Amino acid sequence: MRVLLVDDEEELVATLAERLDMRGIDATWATDYRTALTLVEEKEFDIALLDVRLPEMNGLELKRQIGARQPKMQFLFLTGHGSEEDFEACSAESGKECYLIKPVQIEVLMAKLNEICSGQGEPG
């Protein structure tokens with residue numbers, strides 16, 4: 001599984017990537033949308049884990065941009081705000097629950113990543 005992590009909190013995203021790598025997940029990270037889009041041009045990913053509230057471009061817009069480049073990629077969102085508005089926007093965008101609140105426990109993240117990957121062949 002290849003995962004792209006995008007969050008403007010460098011310590012958080014670097015730590016998550018390291019913890020995923022230790023569990024056999026190929027994790028690459030970025031702290032801004034420009035770097036994320038460059039990485040998507042250079043490498044194929046299965047899942048992108050995006051912060052909902054990124055500076056300059058929010059996570060939902062970044063999802064659209066990444067999805068245009070890699071249509072088969074799945075998405076999961078993170079937020080430190082945990083607002084109902086964020087949850088509804090994420091769910092409406094993807095048609096399913098796709099939202100975790102920071103700080104996320106690595107076991108919870110692993111379970112969600114595995115759930116998403118195992119369902120990739122299903123419609124929707």
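Up top you'll find the structure we're talking about.
Values in this document were obtained by computation on a predicted structure and should not be read as measured data.

> Sorry if this is basic, but what is going on with the pattern of salt bridges here?
Once the charged atoms of two side chains with opposite charge are near each other, the side chains can pair. Tallied over the full model, the rule gives nine salt bridges. The residue Lys102 makes a salt bridge to Glu9 at a minimum N-O spacing of 3.0 Å. Here the residue Lys102 occupies a position in the loop between β5 (99–101) and α5 (106–118), and Glu9 occupies one in the loop between β1 (2–6) and α1 (10–22), the gap between them amounting to 93 residues. Looking at Glu9, the relative accessible area reads 41%, which means it is partly exposed. One salt bridge in this structure joins Glu41 and Arg69, with 2.6 Å as the shortest N-O distance. With a gap of 28 residues between them, Glu41 in helix α2 (residues 33–42) and Arg69 in helix α3 (residues 59–69) connect regions that are remote in the sequence. One continuous salt-bridge network, built from bridges that share partners, spans Asp7, Glu9, Asp51 and Lys102.

> Is there a simple way to think about the sheet that holds strand β3 (residues 47–51) in this case?
Across the sheet, which stays open at both edges, the five strands sit in the order β2-β1-β3-β4-β5 with parallel pairing between neighbours. In this open sheet, the two edge strands, each paired with only one partner strand, are β2 (26–30) and β5. Each neighbouring strand pair of the sheet contributes to a mean axis angle of 20°, computed without reference to strand direction. Examined bridge by bridge, β3 and strand β4 (residues 74–79) share five bridges and lie parallel to one another.

Analysis parameters
Residues numbered from 1 in each chain as written. Predicted model: local features only at pLDDT ≥ 70, side-chain atom pairs only at ≥ 80, totals over all residues. Heavy atoms only, no water. Salt bridge = Lys/Arg side-chain N within 4 Å of Asp/Glu carboxyl O. Helix = DSSP H or I, 4+ residues; strand = E, 2+ residues; numbered from the N terminus. Buried < 20%, exposed > 50% of the residue type's maximum accessible area, 1.4 Å probe, protein only. Pairing = 2+ DSSP bridges. Axes fitted to C-alpha atoms, helices over the stretch in contact; angles between N-to-C directions.

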